[in-house]
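This is what each chain is made of:
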Amino acid sequence: MVSVYTCQNGVRIVSEVIPHVRSISVGIWVGAGSRFEAPEENGITHFIEHMLFKGTKTRTAKQIAEEFDRIGGEINAFTTKENTCYYAKVLDHHGELAITILADMFFNSLFNPVELEKERQVVLEEILMSEDAPDDDIHEQLWQVMYPTDSLGLPILGNSKSLETFSADTIHNYMQKHYYPENIVISVAGNITTELLVHIEKLFSQFTRSPLAIEQTVTYPAFHSGRFVKSRDVEQSHIAIAYPGVGVNDKGYYSFIAMNNILGGNMSSRLFQEIREDKGLAYNIFSYHSSYTDVGSLTIYGSTNNQQYPLLQESIDETLMKIKSEGVSETEVHNAKEQLKGSFVLSLEGTNARMSHNGRNELIHGKHMTMDDIIAEIDKVTLDQVNSLLGQTLSADPAIALIGQNVK
């Protein structure tokens, strides 16, 4: 069972006791991501994620790493378009130490100017690495086509120009706006004790809301069709096509996931079977869904050698036209639902997966469905729903990004 306790200052502690394991995973979830940045701030959420590992008033960056290595634990973080998570996984008897170090990083990071400059270069290398990889770059470019005037279209990593402007002052200002108690969830899963939960509350009860705090709002930005083309001297040509999708709270959410599975979400999907297995045109061919609080997208991606690219593009178009006009079968929908149920249950086998699942649910939904509830929702998906959604989705004008030698 998932339990939620709200501290007096508004911080929420979500816990799930799993007594048969010997580990604990704990994460500090913040409702701050790249879509809540102003254009001139682009990348600052991700930069803050990096800087929280660079030393506190009592620990250097090396000491933070050494403390976790000494106990055989893991510590890491990630930034998405809507949230940031700082997390650790340790043996159960090291739980208090893990959350103590995370809290120290969260509240007492120094943002030392010397460390700022070093990490600025590290993040710049990360940006350049992403731009050098066409299969990464193409998805970033696609989001900018889809949402050219909204921060949802901006890259999570930011850009070299905005990166140069970040200082300790800009970091503190941003954190005062977005890092406040009501926007924080502490998620912990594993062999938890009552003492650990009391310790977490004590650590975070000191947290107070800044007068600069901004309530997060979703904007329901309009999806834009359009085309991005980048000519590059690469061995393969890359194509990414996006259609408007649904948000995580949409009533058609599970039908949308099932539709994606049938189209290109697994090895038995239409795109994989027709383009890779039947025609041997590509090694990478798949589709995926991205769902946020208010909006989402369905994206198709493929790559092949430059000579075969026109045939790949033609084959993708043919597959989409066929599935749109003819629909899918009852068997495909049944198989998609069974695959979804299996992957969902298997994905929650570890404490880190449970911690992430619960933290994200509390932060975005403010509620927790049981595994049986979610399976029941998947079982409700019907053939008519999937075919209707297919027709509606694929009838929209898409956003397209192309990278290669002779793409157009």
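Scroll up for the structure.
Thresholds applied
Numbering of residues begins from 1 in every chain and follows the order in which that chain's sequence is written. Two thresholds apply to this predicted model, a pLDDT of at least 70 for residue-level local features and 80 or more for giving and counting side-chain atom pairs, whereas whole-chain, interface and lining totals are computed over all residues. Calculated side-chain values reflect all of the structure's heavy atoms, with hydrogen atoms and water omitted. Numbered from the N terminus, helices here are DSSP runs of H or I no shorter than four residues, and strands are runs of E no shorter than two. Contacts were defined at the residue level, with two residues in contact if any of their heavy atoms lie within 4.5 Å. We define a polar contact as two N or O atoms separated by no more than 3.5 Å, with the added condition that, inside protein, one atom must be a possible hydrogen donor and the other a possible acceptor, whereas residues neighbouring each other in sequence contribute only through side-chain atom pairs. For two strands to pair, DSSP has to find at least two bridges joining them. Here, axes are lines fitted to C-alpha atoms. For helices the fit covers the stretch in contact, and angles between N-to-C directions go from 0 to 180 degrees.

Engineer: So what's going on with the environment of Lys324? Which residues, and what values?
Structural biologist: Tracing the chain through its elements places Lys324 in helix α11 (residues 309-326). Taking the C-alpha atoms as reference points, Lys324 and Leu390, 66 residues apart in sequence, are found 6.1 Å from one another. Apart from residues lying up to four places away in sequence, Lys324 is in contact with Gly391, Leu394 and Ser395. A polar side-chain atom of Lys324 sits 3.4 Å from a polar atom in the side chain of Ser395.

Engineer: Which residues make up the sheet that holds strand β11 (residues 399-404), and what values go with them?
Structural biologist: Strand order in the open sheet formed by five strands is β7-β11-β8-β10-β9, with mixed pairing between adjacent strands. Edge positions in the sheet fall to β7 (226-231) and β9 (284-291), since each has one partner strand and no second. Strand-to-strand twist across the sheet, computed as the mean angle between neighbouring axes with direction ignored, equals 10 degrees. Relative to β11, β7 is paired through six bridges, and the arrangement is parallel. Considered in β11, the bridge of Lys230 is made with Ile403. Running at roughly 170 degrees to β9, helix α9 (residues 253-265) makes contact with β9 and β10 (296-305) of the sheet. On the sheet, helix α10 (residues 270-278) packs against β9 and β10 and is oriented at approximately 160 degrees with respect to β9.

Read these as geometric descriptors, not functional statements.
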